[in-house]
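Breakdown of the fold
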Amino acid sequence: MQKKIYVCFNGDCCHQSLAEETFQELSRIIEENGLDSFDSQVRIKLYRSNCLDVCKNGPIILVQPERSYYQHIPVNNLSDWLLNYVVQSSPDTRFLLEK
């Protein structure tokens, strides 16, 4: 299964530096856990996105194909969020954004 993660870089919902830090940390976690390889059970592709039309409590992260929006995940929680919720296809209600 392939999942796509989009990190908003629009700048209206958070500082660009926080979006960049979130993106870099997600990239590191994905690479370290082999989630970007073709033979991974769950393959994750990470993208920078323009506005995701949410504009609050960013950075905003969209996970596809679930169409789940997440808000303001602290960088130190990203590993837990990615490995225990996104990979397992289980919504993390701590950061889930009700759109």
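Please refer to the structure higher up on the page.
Residues numbered from 1 in each chain as written. Predicted model: local features only at pLDDT ≥ 70, side-chain atom pairs only at ≥ 80, totals over all residues. Heavy atoms only, no water.

Considerations on the packing of aromatic side chains
Selection rule: Aromatic contacts are taken between Phe, Tyr and Trp rings whose centres are within 6.5 Å, Trp giving its six-membered ring; a plane angle under 30 degrees counts as stacked, one over 60 as edge-to-face, and the others as tilted. Helix and strand definitions follow DSSP, with helices as H or I runs of at least four residues and strands as E runs of at least two, each counted in order from the N terminus. Note on classification: 1.4 Å probe, protein chains only; a residue is buried when its accessible area is under 20% of the maximum for its type, exposed when over 50%, partly exposed between these limits. Two thresholds decide whether a charge sits over a ring: the Lys NZ or Arg CZ must be within 6 Å of the ring centre and within 35 degrees of the ring normal.
Under the definition given, this model contains three aromatic pairs. Centroid distance F9 to F23: 5.9 Å. Interplanar angle 75°. Geometry classified as edge-to-face. In this pair, F9 sits in the loop between β1 (2-8) and α1 (16-32) while F23 sits in helix α1, placing the two residues 14 residues apart along the sequence. Judged by relative accessible area, which is 13%, F9 ranks as buried. With a relative accessible area of 11%, F23 lands in the buried category. Each ring, one from Y70 and one from W81, has its centre 5.1 Å from the other, and the planes form 75°; the classification is edge-to-face. Of this pair, Y70 sits in strand β4 (residues 68-71) while W81 sits in helix α2 (residues 78-86), and the two are 11 residues apart along the sequence. Look at Y70 and you get buried, because its relative accessible area is 3%. Stacked on the ring of F38, the Lys or Arg R43 has its end atom at 4.0 Å from the ring centre.

Some details on the sheet that holds strand β3 (residues 60-64)
Short version of the rule: At least two bridges found by DSSP between two strands is the condition for calling them paired. Only the stretch in contact is used when a helix axis is fitted, and all axes are lines through C-alpha atoms; the angle between N-to-C directions ranges over 0 to 180 degrees. We call two residues contacting when some pair of their heavy atoms lies within 4.5 Å.
One open sheet accounts for four strands, arranged β2-β1-β3-β4; its pairing is mixed. A single partner strand is all that each edge strand has here, and the edge strands are β2 (43-49) and β4. Each neighbouring strand pair of the sheet contributes to a mean axis angle of 20°, computed without reference to strand direction. Sheet analysis places β1 next to β2, joined by seven bridges and oriented parallel. For V7, the partnering residue across the bridge sits in β2 and is R48. Of the strands in this sheet, β1, β2 and β3 are in contact with α1, which crosses β2 at around 165°.

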